[in-house]
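Structural description and commentary
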Amino acid sequence: ARGKELLPPPDLLVSIYQAAAYAEVGNDPDTAKVARETAAALGETPFRAGLQGNIPAPVLDFLGRALYRQRWAVEALLRHKNSADATIAFLALSCSADEVDLIALDEQRLLKAPSVIAALYMNPNARSSTALRAVELAARNGVVVDIPGFEDIVASLSGVALDAATDAKYQTAVEKNKAVAPPEPEADAPVNLTQEDVERTQAAEEQKTLDAKTEEAKTRFEDLPVPHQIRLATLGTAFDRSIAIRSTIRTVAMAAIRSPAVRPNEVIKYASNRALHEDVIRYIANKKEWAQLSSIRLALVNNNKTPLGTALRFLPFLHARDLKTVSKSRQVPGPVVKAAKELMQKRESR
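These notes cover the structure that comes with them.

The rules behind these values
- Residues numbered from 1 in each chain as written.
- Predicted model: local features only at pLDDT ≥ 70, side-chain atom pairs only at ≥ 80, totals over all residues.
- Heavy atoms only, no water.
- Phe/Tyr/Trp six-rings, centres within 6.5 Å; stacked < 30°, edge-to-face > 60°.
- Helix = DSSP H or I, 4+ residues; strand = E, 2+ residues; numbered from the N terminus.
- Buried < 20%, exposed > 50% of the residue type's maximum accessible area, 1.4 Å probe, protein only.
- Lys NZ or Arg CZ within 6 Å of the ring centre and 35° of its normal.
- Axes fitted to C-alpha atoms, helices over the stretch in contact; angles between N-to-C directions.
- Parallel < 35°, antiparallel > 145°, perpendicular 65-115°, else oblique.
- Left-handed = near helix turned anticlockwise from the far one by under 90°.
- Contact = heavy atoms within 4.5 Å.
- Nonpolar A, V, L, I, M, F, W, Y, C, P; charged D, E, K, R; others polar.

Counting across every chain of the model gives four aromatic pairs. Consider the rings of F47 and W72, whose centres lie 5.5 Å apart with planes at 65°: the pair is edge-to-face. Here W72 lies in helix 5 (residues 71-79) and F47 lies in helix 3 (residues 44-50), a separation of 25 residues in the sequence. Each member of the pair F47 and W72 is classed as buried. Between the aromatic rings of Y283 and W290, the centroid separation amounts to 6.2 Å while the plane-to-plane angle is 70°, which identifies the pairing as edge-to-face. Owing to a relative accessible area of 26%, Y283 belongs among the partly exposed residues under this scheme. Of the residues examined, W290 reaches a relative accessible area of 5% and is grouped as buried. Above the plane of the ring of F90 lies R65, whose end atom (NZ or CZ) is 4.4 Å from the centre. In this structure, K287 packs its charged tip against the face of W290, placed 5.4 Å from the ring centre.

We now examine the packing of helix 17 (residues 250-258) against helix 19 (residues 278-286). Geometrically, a packed helix pair is captured by the angle between its two axes and the distance between the axes. In the contact formed by helix 17 and helix 19, the axes pass within 9 Å of each other and the chain directions differ by 25°. Relative to helix 19, the element helix 17 lies roughly parallel. By crossing handedness, the relation of helix 17 to helix 19 is classed as right-handed. Contacts between helix 17 and helix 19 pair R250, A253, M254, I257 and R258 from the former with D279, V280, Y283 and I284 from the latter. Of the residues that constitute the contact of helix 17 with helix 19, the class distribution is six nonpolar, no polar and three charged.

What follows concerns the packing of helix 15 (residues 226-235) against helix 17. The N-to-C vectors of helix 15 and helix 17 enclose an angle of 20°; their axes lie 7 Å apart at closest approach. As the angle between them shows, helix 15 and helix 17 are arranged roughly parallel. Crossing geometry of helix 15 relative to helix 17 is assigned as right-handed. Only T251, V252, A255 and A256 of helix 17 make contact with helix 15, whose side of the interface consists of V226, Q229, I230, A233 and T234. Of the residues assigned to the contact of helix 15 with helix 17, the class counts are six nonpolar, three polar and no charged.

Structure representation (structure tokens):
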């Protein structure tokens, strides 16, 4: 496990892997940890010497997960004939732009393993043109990639140039938007909001005006071609999403709400915003993990963009005080107000 045995380099790499594997099977976490630490501390010389042998794919995967921060290790593993698709997908998620370009050259692997395309697309270090060309390659060959809004991305690529100039604009937008973005909270804000809280949020969202820096960030964002806007909305910060979610381009707004990074305190604001595209509101309403949160249900009931059937379905889950406020609201659609009154009467008659 400590790599102290005097073995030929290929055997040394395999033995460290075996020590970790046998320790995990034998419920010996301490030894497994030592073996992983040994792999992570391997120097470039013994590592490259070890790869000269016919190293099995599981060993290469173990080494890749231990040494993924070392560029020389990543490049060697990307070029090794025995590296498995799962290993390349793991490395593609966090490696540098140059390494992503190297992965993208192997079109045969990309088409055989769309998980690699998904990983490099979701890697914020990847050049946007490289990621989008990989998606375009998949689409041309009838391969579906598991990334948010895949079909929207493919549709937006028609006639769009994927070049270095656009990459530079994309990177500028990323860096400058980060510089002016307000700090993100370390944790989500409480989501137990009352009707009054939701109404205040709605009013704030609808009356929101952009300061000069935010206006500049919005201009930088909108100056990007749509496929790049979609990618920045998917991978960017909460600040980027706050710009994208208000886009008049449906696919861009949907990319923001589909982003894996969206947090519940953002969703409450979005669910309260009557100015957003109705498909965004519908997406929030249909996402089970969000619809289970009382504050989001309340915000959706109060939003006239919410499908009527969905708003009526959420009514029975509201607290009595909120239901009473909904029943008197002039902002809520008439059928929802009527149903809220009827539900109150039923509760009071029990």
